[in-house]
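Residues per chain are reported as follows:
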Amino acid sequence: MTEVNGHRVTPVTGESPSPPTRAEYCVIACAEAWRGAGEILASPMGLIPSIGARLARRTFAPDLLLTDGEAMLVDADGTVEGWLPYRRHLALAAGGCRHVMMGASQLDRYGNQNISCIGDWQRPTRQLLGVRGAPVNTLNHPTSYWIPRHSRRVFVERVDMVCGVGHDHADGARYHHLARVVTNLAVLDFATPDRSLRLASLHPGVTVEEVREATGFALTVPDAVPYTREPTAEELGLIREVIDPADARAREVPD
Amino acid sequence: MTADEVVSRLESGMTLGIGGWGSRRKPMALVRALLRSDVGDLTVVSYGGPDVGMLAAAGRIRRLVTAFVTLDSIPLEPHYRAARERGAFALTEVDEAMFMWGLHAAANRLPFLPVRAGIGSDVMRVNPELRTVTSPYEDGETFVAMPALRLDAALVHVGRADRRGNGQYLGPDPYFDDLFCEAADAAYVSCEQIVDTAELTKEAPPQTLLIKRHTVTGVVEAPQGAHFTSCAPDYGRDEAFQKEYASLPWAEFAGRFLADGDEQAYRAAVRAWHEERS
């Protein structure tokens, strides 16, 4: 990682592949959520988190469990290694051996997440998915979030319906752990005295001002903000040639 | 039984559980029969998909108990959304795990089960009737006391069944269909094919025998009975048709595909629609 005002470090390789795209920095930032996680289930929701989880599984987190998106646990190459229908999935979540990366229609400074509805719950202006498993996830195992479009519409002062539980609502819940929020602009974490969101790293090419402008509350910004780390040549190769050769990631986060 | 005979045993005002998950293995032939009847004022308990979308659009739901409503490949169920946004029914919105433990409580004849989910979230705000329970042991942790989701009737769809009500799923996920049946006073199982009992385990392992006959009131043979939702391995989701369902205004969809009588008429209308497109 480099300083905001420093030079950008490019990966040192013999063949000099094209520089990382924004989507690829996002993949790296998502993958990092599962570093050191051990033998747990990675539950990525969304395309870029899925690529990130598979990258982590193939590199620095080889013990991760992954699903095929249905009821099977699969190896990196798709080989079935286990069975995880929804009922077992919910049991696994309760057992804590899982780190989920969920989406959010709204997210506030303490990490309260909303995927249920916009407006008054009694008669919403926009009905969304519903609370789904966000309440059980956030009370039982590590949770991160993926926001493909960092905007004031998502990062709000107060969410309309608390689905995923934030720090100001958790009341010391024993297994509550919000790890990180990855967006198309930056990585945020909760390393502040009141456990509100802080700018942890900027994706290269993004400024602090851009992130501030796109956030609907006062974000804690440290004096020196590092850049999101560079992908290694091996990681870039895996992303581009093995995990997502069709470059679907660029449709989720254009350059 | 026929689907219409099942519906003749349902009454307005009942609490009705519907199996499957999202747009997967939903008992749609039974839901379509329900739509042909005048049964309404229902409390529907479902991991919601187009079953909920259709019943909500048709004004049959008084209260919905759910954690989500989705068409999976189309994340937001448009007919459900529209009904909810016009305040067409009351909602009990709970977490996926709370929902599951509510069914377990009902199946186990317990008034509630403790769940580590819900506390701290607005599930507690929007369901003020929910109570908590504190562990009587040293840990002293407080949990949601998820009340039993007892059902007057359950509707589920599986791959095979025998005439006595032994139901078999052949896909990768049982969802919660056995629990729905166990939580209900009367459970009705539709299936792709009714087979002799001995057939059930001729090729498939015994673990596929998901539903036990003592929990089942009636069996309906309904080929394509989950259409347009998936029923693996017999068929996948009819994505093109689901898209049509999601794009058309409800009245137009119902007018074209559900108005002319029975399930056979529905299948003919779907076939005609596919032929028009090809």
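Note that the structure is a prediction, hence the values are computed from the model and not measured.

Colleague: Mind showing me how you'd approach the overall build of chain B here?
Modeller: Within chain B one finds 11 helices and 12 strands. Here the C-alpha atoms of chain B give a radius of gyration of 19 Å, agreeing with the 19 Å that 2.2 N^0.38 yields for 278 residues. Overall, the C-alpha framework of chain B stretches about 65 × 50 × 30 Å when taken along its three principal axes. Relative to its 278 residues, chain B shows a buried fraction of 51%. Taking contacts inside chain B between residues at least 6 apart in sequence as the whole, the part at least 24 apart equals 74%.

Colleague: Looking at this structure, I do not really get the sheet that holds strand β3 (residues 72-74) of chain A. What am I missing?
Modeller: Paired through their backbone hydrogen bonds, the strands of a sheet run either parallel or antiparallel. All names here are of chain A. Across the sheet, which stays open at both edges, the three strands sit in the order β2-β3-β4 with antiparallel pairing between neighbours. The strands lining the two open edges of the sheet, one partner per strand, are β2 (66-67) and β4 (80-83). Across two bridges, the pairing between β2 and β3 is antiparallel. Pairing of T67 across the sheet is with L73, part of β3.

Colleague: In this structure, what is going on with the confidence of the model for chain A? I would like to understand it.
Modeller: Note: predicted coordinates in regions of low pLDDT should not be interpreted at a detailed level. Chain-level statistics for chain A give a pLDDT mean of 94 and a share of 94% at 70 or above. Of the regions scoring below 50 in pLDDT, residues 1-11 of chain A engages in 24 contacts with residues more than four places distant in sequence or in other chains.

Colleague: Would you mind showing me how to read helix α3 (residues 86-95) of chain A here?
Modeller: Every α-helical turn comprises 3.6 residues, leaving residues that sit three or four positions apart pointing alike. Residues of α3 of chain A that are buried include every one of Y86, L90, A93 and A94 of chain A, and no others. Along the axis of α3 of chain A, the buried residues cluster in a sector spanning 100°; they form a single face. Exposed side of α3 of chain A, more than 90 degrees from the buried face: A91 and G95 of chain A are the residues found there. Structurally, α3 of chain A contributes buried residues whose contacts are with β5 (98-102) and α4 (134-140) of chain A together with α5 (96-107) of chain B. Just beyond α3 of chain A, the residue with positive phi is G96 of chain A, at close to 90°.

Colleague: Explanation requested: the pairing of strand β8 (residues 151-161) of chain B in the structure shown.
Modeller: Strand residues, when the strand is regular, have side chains that alternate between the two faces of the sheet. Residue and element names in this part refer to chain B. Judged by how many residues are buried, β8 sits mostly within the fold: 10 of 11 residues are covered. Examined bridge by bridge, strand β1 (residues 15-18) and β8 share three bridges and lie parallel to one another. By the bridge assignment for β8, I18 is matched with L155. Of the strand pairs in this sheet, β8 and strand β9 (residues 167-168) are connected by two bridges, and their pairing is antiparallel. Paired with A161 across the bridge in β9 is G167. Where β8 folds back onto β9 in an antiparallel hairpin, the turn is made up of five residues, including G165, whose phi is positive at roughly 110°.

Colleague: Would you explain the interface of chain B and chain A in this entry?
Modeller: The accessible area lost on association of the parts is a frequent measure of interface size. On the chain A side, the residues contacting the 31 residues of chain B number 32 residues. At the level of secondary structure, the elements contributing two or more residues to the side of chain B that touches chain A comprise α4 (78-85), α5 and α6 (123-126) of chain B. Tallied by class, the residues present in the side of chain B that touches chain A amount to 16 nonpolar, six polar and nine charged.

Colleague: I'm lost on the sheet that holds strand β10 (residues 143-147) of chain A in this one. Help?
Modeller: Residue and element names in this part refer to chain A. Taken in spatial order, the six strands make up an open sheet running β1-β5-β10-β11-β12-β13, and their pairing is mixed. In the strand order of this sheet, the two ends are held by β1 (41-44) and β13 (198-202), each with one partner. Direction aside, the axes of adjacent strands within the sheet are offset by 20° on average. In terms of strand pairing, β1 meets β5 through four bridges, oriented parallel. Bridge pairing in β5 places S43 opposite V100. Along the sheet face, helix α1 (residues 22-31) touches β1, β5, β10, β11 (178-183) and β12 (186-189) and points at about 175° away from the line of β11.

What counts and how
Residues numbered from 1 in each chain as written. Chains lettered and ligands numbered in written order. Predicted model: local features only at pLDDT ≥ 70, side-chain atom pairs only at ≥ 80, totals over all residues. Helix = DSSP H or I, 4+ residues; strand = E, 2+ residues; numbered from the N terminus. Rg over C-alpha atoms; globule rule 2.2 N^0.38 Å. Buried ≥ 20, exposed ≤ 12 C-beta atoms within 10 Å, placed from the backbone. Contact = placed C-beta atoms within 7 Å. Pairing = 2+ DSSP bridges. pLDDT = per-residue confidence, 0-100. Arc of directions from axis to C-beta. Nonpolar A, V, L, I, M, F, W, Y, C, P; charged D, E, K, R; others polar. Axes fitted to C-alpha atoms, helices over the stretch in contact; angles between N-to-C directions.

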